[in-house]
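Listed below, chain by chain, are the residues.
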Amino acid sequence: MSEIKTKLNVGDTVWWVHCSYRVYKGTIKDIHCCDYQGALCCNIHSPSFKRNTYPTVHYSNVFLSRQTALEFAEYQKRNPDGVFPMCMGCHYSASTKED
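This report concerns the structure included in the present document. Being a predicted model, the structure only gives us computed values, none of them experimental. (Residues numbered from 1 in each chain as written. Predicted model: local features only at pLDDT ≥ 70, side-chain atom pairs only at ≥ 80, totals over all residues. Heavy atoms only, no water.)

### Looking at the sheet that holds strand E2 (residues 23-33)
And then number 1: In space, the five strands of this open sheet follow the order E4-E3-E2-E1-E5, with antiparallel pairing throughout. The two strands at the open ends of the sheet, each matched to only one other strand, are strand E4 (56-58) and strand E5 (62-63).
And then number 2: Running at roughly 10° to strand E1 (residues 13-17), helix H1 (residues 66-78) makes contact with E1, E2 and E5 of the sheet. (Pairing = 2+ DSSP bridges. Helix = DSSP H or I, 4+ residues; strand = E, 2+ residues; numbered from the N terminus. Contact = heavy atoms within 4.5 Å. Axes fitted to C-alpha atoms, helices over the stretch in contact; angles between N-to-C directions.)

Spelled out as structure tokens, the structure:
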């Protein structure tokens, strides 16, 4: 089994964008593949995110600089189709379906 090689690494201090368009600071604790489509996800220790201080965040929402994260948050606000980067398996899992 080979390791995942990415621009971001475990231990990096990063800025990540929540679906509410807010930007939070954190430290990457783990990078892994999404079970559905192989998209990369980061487990982040983010004390400023009070709802869950260890969120799992799609790699596409994680940045090395606060400025880049803020620019991405603004892009998400303007996104005309209202979809933020997430694989279809995750869209399905996050939907409000009854089990």
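Let's pick the thread back up.
### Focus: H1
And then number 1: The end-to-end C-alpha distance of H1 is 19 Å, a good match for the 18 Å that 13 residues give at a rise of 1.5 Å each.
And then number 2: Residues of H1 that are buried: Ala69, Phe72, Ala73 and Gln76. The buried side chains of H1 occupy one side of the element, clustering within an arc of 105° when seen end-on.
And then number 3: Of the surrounding elements, those touching the buried residues of H1 are E1, E2 and E5. (Expected span 1.5 Å × (residues − 1). Buried < 20%, exposed > 50% of the residue type's maximum accessible area, 1.4 Å probe, protein only. Arc of directions from axis to C-beta.)

### With respect to the nonpolar core
And then number 1: Counting eleven residues, the largest nonpolar core consists of Leu8, Val14, Trp16, Tyr24, Ile28, Ile31, Cys42, Ile44, Phe49, Val57 and Val62.
And then number 2: No other element matches E2, which puts three residues into this core.
And then number 3: Ignoring sequence-local partners within four residues, the contact set of Trp16 consists of Arg22, Val23, Tyr24, Lys25, Ile44, Ser46, Phe49, Pro55, Val57, Asn61 and Val62.
And then number 4: Core analysis: the next-biggest nonpolar cluster, separate from the first, contains seven residues, Trp15, Val23, Phe63 and Phe72 among them. (Core = buried A, V, L, I, M, F, W, Y, C linked by side-chain atoms within 4.5 Å.)

### Some remarks on the pattern of salt bridges
And then number 1: Tallying each qualifying case throughout the model produces one salt bridge.
And then number 2: With its nearest N and O atoms 3.2 Å apart, the salt bridge here joins Glu74 to Lys77. In this pair, Glu74 and Lys77 both sit in helix H1, three residues apart, roughly one turn of the helix.
And then number 3: Take Lys77: its relative accessible area is 48%, and that puts it in the partly exposed class. (Salt bridge = Lys/Arg side-chain N within 4 Å of Asp/Glu carboxyl O.)

### Observations regarding the packing of aromatic side chains
And then number 1: For the coordinates displayed, the defined rule picks out five aromatic pairs.
And then number 2: Aromatic pair Phe63 and Phe72: ring centres 5.1 Å apart, planes at 45°, arrangement tilted. Across the pair, Phe72 and Phe63 agree in class, each one buried.
And then number 3: Pairwise contacts between aromatic rings join Trp16, Tyr24 and Phe49 into one cluster.
And then number 4: Sitting over the face of the ring of Trp15, Arg66 holds its NZ or CZ atom 5.7 Å from the ring centroid. (Phe/Tyr/Trp six-rings, centres within 6.5 Å; stacked < 30°, edge-to-face > 60°. Lys NZ or Arg CZ within 6 Å of the ring centre and 35° of its normal.)

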